[in-house]
Structure formats: structure tokens, C-alpha cells
Amino acid sequence: MPSTVVVGGFFGDEGKGKIIAYLALNDKPSIAVRGGVGPNAGHTFTIDGRAYKVRMLPSAVAYKGCRLMIGAGVLIDPDVLLNEIREFDAFNRVVIDPQVGIIEQRHKEMDKVGEHSKVIGTTGSGSGPANSDRASRILRLAKDIDALRSLIGDVPALVNDALDRGANVLIEGTQGTFLSLYHGTYPFVTSKDVTASAICSDVGIGPKRVDDVLVVFKAYVTRVGSGILEGELDREEAKKRGWLEVATVTGRERRAAPFNMKLAKRAVMLNSATQIAVTKLDVLFPECKHVRVYEQLSSDARRFIEQIEDELRVDVTLIGTGEEVYDMIDRRSDRD
Ligand code: IMP
Ligand code: MG
């Protein structure tokens, strides 16, 4: 902090939701603002045994003291957004940019029945077709929708004013670096760039306003949908290792592979990472479950983290060791 942008380093589902919820509860930002694609994202965080899921609101909704914003680059599905606002009772703290793009029913239908969407294995959320319409300049925007009127505000002005005052701002990315339309495994990618620069652009802040870029990696790699996954395990092996996950938005099983240092290095470069978070370390090293102090990790687990730091030349500042938001090792104060 004061301004931290959080992005995924692999193919999404690295555990950004949990990392962001932790940062929000711990650092108490004034504003959390979401960039990224739209409701194709699914973020989960668990507090006191209860799992919360969001697709549209920032995961910082976990902390009741911050304003929650959605940047112009994002697409919203009004029904999904309004339901989440109701669920979290967040009406008086949500602000959406007037130029947020609107996903309509026809976009979802096109995304579900379109042959090419099936080849790519999209989430069917309508995001790709809506971004096509945006590129054609025929997409409707939030300012055109009556039901959203009371939520609209000038997100870039609010965020930049907060930064001018020295307030903490958390900038949330979605998806992962290798799902980027530009830098990912094209054509098996999402419908826009999702690296840190793009997330800042989505929200309306320039590159000089970012203090920290936190890239989140899971301790192994997962991917939903099509496209290459180096070192992919067969389903049985993934299940045996406890790596067989189910996707938040689509309910599909995720494909799994071991941690990929080559991809991680490239993600550090593409995002100019200043810090790294590693999630689900307890899945690789069960003896580390719920550990919250670095020195209490097993030597194997510490070796895994040290190898990442040696190869990537960036500090691993946050380490997830369980589902709960507070199952976290926070080493940020060690760097000061
Ligand atoms: P789309 O973003 O729905 O068009 O899907 C394009 C590709 O990105 C598919 O392989 C999806 O599974 C993947 N994808 C999109 N959003 C996410 C996400 O939040 N997590 C993981 N994969 C995603
Ligand atoms: Mg997800």
C-alpha cells in the first residue's frame, strides 16, 4: 500500500479472492476497485468457515469499511451485480463507472451456443461477445441503464483523489496473465488483456500511480477450458494429489499441473511484480495447514518458497496455508 494492484500469474483461480480479502481486512483500504473482464471471474474467500463467492463486486467486500468500485474497462451483468449488492448489503458503498459495459441476454446466448466459444471453452458468461460489441462501439454502457443510475460515479476521479490524499487503494485484477488476449496462449484466452497495466487502465489510473504489483501464484497450476497446460496430470493423478478443483462460475473440473517456474518468470516480467503471493501451500505440504508463522513451515515447504524467490528475484510476501482468510503468513513487515 498505498496503491497495490493484485493480478493472477497463471490461468486464473490462483486464489486472488482470498489474498484480496486478507489485504482488505488487514490493511483497511479506503477504496477497492475492480478491473478485469467481467462476470466470467469467480472469486472465493472463507471467513469463520463460511465461503463467500463474488463475480462482480471486489473481493474486498469482506472488509465493511471500504468503498467498492468497478472501473470502466469492466463488463457487468446487471442481474449478477445487483444480486451480489443485495447479498452483501452493499448498496451505499458501491460506485460503478458510467462507461462500464453491459452484458445482455443475447451476449450470454451467443457465448453458450457459438461454435468458437465451445472450441475455446469460454465461461458462457457473455463476456467475449460483449467485448466484441464494445470494440464495434455498439455495446450499451452503464449510464444507459436505469436500474444502475444510483450506483454511478466518476471512478477515476474518486480513485485518483484518494491517492492524492495518501489513502490506501486496492486495485483488483481478475483472470490470470496467460489468459491475456495479448500475452496469453491465444486463441485460448479471454477477451482482453488482464496484466497489471491493463487492470490500471480499466480503472483509470496511470502507470506511475502504482506502488506495488502483487502477482498471485498457486502452489500448482490449474486451467479450465482449452489450451496448452504444460506438465498436465491425468485426472486420477490430480485427484490423488488433491489438485482436482471445480470452477466457481461454470462448475467444470479444472485441469492441473505442477508449479511452472518458466511461466512464473514470464508473469513477473509482464506485470513488473514487486511482490509475490503463493496460495494453497498446504495442498503441497499438508503439515503446513493453518501455519501462520514462516519459521513454523516444514523445511520442504520453506525450500519451495526459497526456490521461487531465488529464481524469480522477487520476495514472496504472502503465503496461503488454508481456506480461511487468516490462514496466511504475512512477511511484508520483514521487508521494511
Ligand atoms: P471467457 O473469458 O469466458 O471468454 O473464456 C475464455 C477462457 O478464459 C476460457 O478458457 C475460460 O475458462 C477462461 N477464463 C475466463 N475467466 C476465467 C477465470 O476467472 N478463471 C479461470 N479461467 C477463466
Ligand atoms: Mg476463479
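Described in the following lines is the structure provided in the data block. If you're wondering where the values come from, they're calculated on a predicted model, not measured in any experiment.

### Description of the environment of Asn168
Turning to step 1, where the next piece is worked out: With respect to the helices and strands, Asn168 occurs in the loop between helix H6 (155-164) and strand E9 (169-172).
Turning to step 2, where the next piece is worked out: For Asn168, a relative accessible area of 21% translates into the label partly exposed.
Turning to step 3, where the next piece is worked out: A C-alpha to C-alpha distance of 27 Å links Asn168 and Leu312, two positions 144 residues apart in sequence.
Turning to step 4, where the next piece is worked out: For Asn168, the side chain forms a polar contact with the main-chain oxygen of Asp27, separated by 3.4 Å.

### A look at the coordination of the magnesium ion (ligand 2)
Turning to step 1, where the next piece is worked out: Looking at the magnesium ion (ligand 2), one finds its protein donor set to be Asp13 (OD) and Gly42 (O), positioned 2.0 to 2.3 Å from the metal centre. With a gap of 29 residues between them, Asp13 in the loop between strand E1 (3-8) and helix H1 (16-27) and Gly42 in the loop between strand E2 (31-34) and strand E3 (43-47) connect regions that are remote in the sequence.
Turning to step 2, where the next piece is worked out: Given a relative accessible area of 23%, Asp13 falls into the partly exposed group.
Turning to step 3, where the next piece is worked out: Taking relative accessible area as the criterion, Gly42 reaches 13% and is therefore assigned buried.

### Concerning the sheet that holds strand E13 (residues 275-279)
Turning to step 1, where the next piece is worked out: The strand order across the open sheet formed by nine strands is E7-E5-E2-E9-E1-E10-E13-E14-E15, and the pairing between neighbours is mixed. Each end of this open sheet is capped by a strand with a single partner; those strands are strand E7 (94-96) and strand E15 (328-330). The average angle at which neighbouring strand axes cross in this sheet is 20°, direction not considered.
Turning to step 2, where the next piece is worked out: Sheet topology places strand E10 (residues 212-218) next to E13; five bridges connect them, and they run parallel. Following the sheet pairing, Phe217 is matched in E13 by Val278.
Turning to step 3, where the next piece is worked out: Strands in contact with helix H7 (residues 196-203) are E1, E2, E9 and E10; relative to E1, the strand with the most contacts, it is inclined by about 125°.
Turning to step 4, where the next piece is worked out: Contacting E1, E10 and E13, helix H9 (residues 261-271) crosses the sheet at an angle of about 160° to E10.

### Re the site of ligand 1
Turning to step 1, where the next piece is worked out: Taken together, 15 residues lie near ligand 1, and Asp13, Asn40, Thr123, Thr190 and Arg252 sit nearest.
Turning to step 2, where the next piece is worked out: Between an oxygen atom of ligand 1 and a side-chain N or O atom of Arg252, the distance comes to 3.1 Å.
Turning to step 3, where the next piece is worked out: Protein chains bury 97% of the 470 Å² of accessible surface belonging to ligand 1 in isolation.
Turning to step 4, where the next piece is worked out: Split into classes, the residues belonging to the shell around ligand 1 amount to six nonpolar, seven polar and two charged.

### A look at the side chain of Asp111
Turning to step 1, where the next piece is worked out: Considering the arrangement of structural elements, one finds Asp111 in helix H3 (residues 105-113).
Turning to step 2, where the next piece is worked out: Despite its burial, Asp111 pairs with no opposite charge; the closest candidate is Lys112, at 7.6 Å N-O.
Turning to step 3, where the next piece is worked out: Once you skip the residues sitting within four places of it in the chain, Asp111 turns out to touch Ser117, Thr122, Gly124, Ser125, Gly126, Ser127, Gly128 and Pro129.

### Here's the deal with H6
Turning to step 1, where the next piece is worked out: Looking at H6, one finds that the buried residues are Val155, Val159, Asn160, Ala162 and Leu163. All buried residues of H6 lie within an arc of 155° about the axis, which places them on one face of the element.
Turning to step 2, where the next piece is worked out: Contacts from the buried residues of H6 go to E1, E2, strand E5 (67-70), E7, E9 and H7.

### What about the packing of H3 against helix H5 (residues 127-135)?
Turning to step 1, where the next piece is worked out: One can describe the packing of H3 onto H5 by two numbers: an axis separation of 7 Å at closest approach and a directional angle of 120°. As summarised for this structure, H3 and H5 are arranged oblique, according to the angle between their axes. As for how H3 packs across H5, the hand of that crossing is right-handed. Between H3, through Arg106, His107, Met110 and Asp111, and H5, the contact on the second element is made entirely by Ser127, Gly128, Pro129, Ala130 and Asp133.
Turning to step 2, where the next piece is worked out: Residues belonging to the contact of H3 with H5 are distributed by class as follows: three nonpolar, three polar and three charged.

### Focus on the nonpolar core
Turning to step 1, where the next piece is worked out: Ranked by internal contacts, the top residues of the largest apolar core, which has 60 residues, are Val5, Val33, Val159, Phe217, Leu297 and Phe304.
Turning to step 2, where the next piece is worked out: The leading source of residues in this core is H9, at six residues.
Turning to step 3, where the next piece is worked out: Those residues in contact with Leu297 that lie beyond four places of it in its chain are Leu281, Cys288, Val291, Arg302, Ile319, Thr321 and Ile329.
Turning to step 4, where the next piece is worked out: Ile20, Ala24, Ala32 and Val216 belong to the second largest nonpolar core, which has 44 residues in total.

### So, the packing of aromatic side chains
Turning to step 1, where the next piece is worked out: Counted according to the given criterion, the structure contains 10 aromatic pairs.
Turning to step 2, where the next piece is worked out: On the basis of an interplanar angle of 75° and a centroid distance of 5.4 Å, the ring pair of Phe10 and Phe259 is categorised as edge-to-face. In this pair, Phe10 is assigned in the loop between E1 and H1 and Phe259 in the loop between strand E12 (255-258) and H9, connecting sequence segments 249 residues apart. You'll find Phe10 and Phe259 in the same group, each marked buried.
Turning to step 3, where the next piece is worked out: Arranged with centres 5.9 Å apart and planes meeting at 70°, the rings of Phe217 and Phe259 form a pair that is edge-to-face. Separated by 42 residues along the polypeptide, Phe217 in strand E10 and Phe259 in the loop between E12 and H9 bring together distant segments of the chain.
Turning to step 4, where the next piece is worked out: One aromatic cluster is present, formed by Phe10, Phe217, Phe259, Phe285 and Phe304 through successive ring pairs.
Turning to step 5, where the next piece is worked out: Arg241 extends its terminal NZ or CZ atom over the ring of Trp243, reaching a point 4.9 Å from the ring centre.
Turning to step 6, where the next piece is worked out: In this structure, Arg331 packs its charged tip against the face of Tyr294, placed 3.8 Å from the ring centre.

Rules and cut-offs
- Residues numbered from 1 in each chain as written.
- Chains lettered and ligands numbered in written order.
- Predicted model: local features only at pLDDT ≥ 70, side-chain atom pairs only at ≥ 80, totals over all residues.
- Heavy atoms only, no water.
- Helix = DSSP H or I, 4+ residues; strand = E, 2+ residues; numbered from the N terminus.
- Buried < 20%, exposed > 50% of the residue type's maximum accessible area, 1.4 Å probe, protein only.
- Polar contact = N/O pair within 3.5 Å; in protein donor to acceptor, adjacent residues only side chain to side chain.
- Donors = N, O, S within 2.8 Å, 3.2 Å for Na, K, Ca; no water.
- Pairing = 2+ DSSP bridges.
- Axes fitted to C-alpha atoms, helices over the stretch in contact; angles between N-to-C directions.
- Contact = heavy atoms within 4.5 Å.
- Near = heavy atom within 4 Å.
- Areas by Shrake-Rupley, 256 points an atom, 1.4 Å probe, with all protein chains shown as cover.
- Nonpolar A, V, L, I, M, F, W, Y, C, P; charged D, E, K, R; others polar.
- Lys, Arg positive; Asp, Glu negative; His and termini not counted.
- Salt bridge = Lys/Arg side-chain N within 4 Å of Asp/Glu carboxyl O.
- Arc of directions from axis to C-beta.
- Parallel < 35°, antiparallel > 145°, perpendicular 65-115°, else oblique.
- Left-handed = near helix turned anticlockwise from the far one by under 90°.
- Core = buried A, V, L, I, M, F, W, Y, C linked by side-chain atoms within 4.5 Å.
- Phe/Tyr/Trp six-rings, centres within 6.5 Å; stacked < 30°, edge-to-face > 60°.
- Lys NZ or Arg CZ within 6 Å of the ring centre and 35° of its normal.

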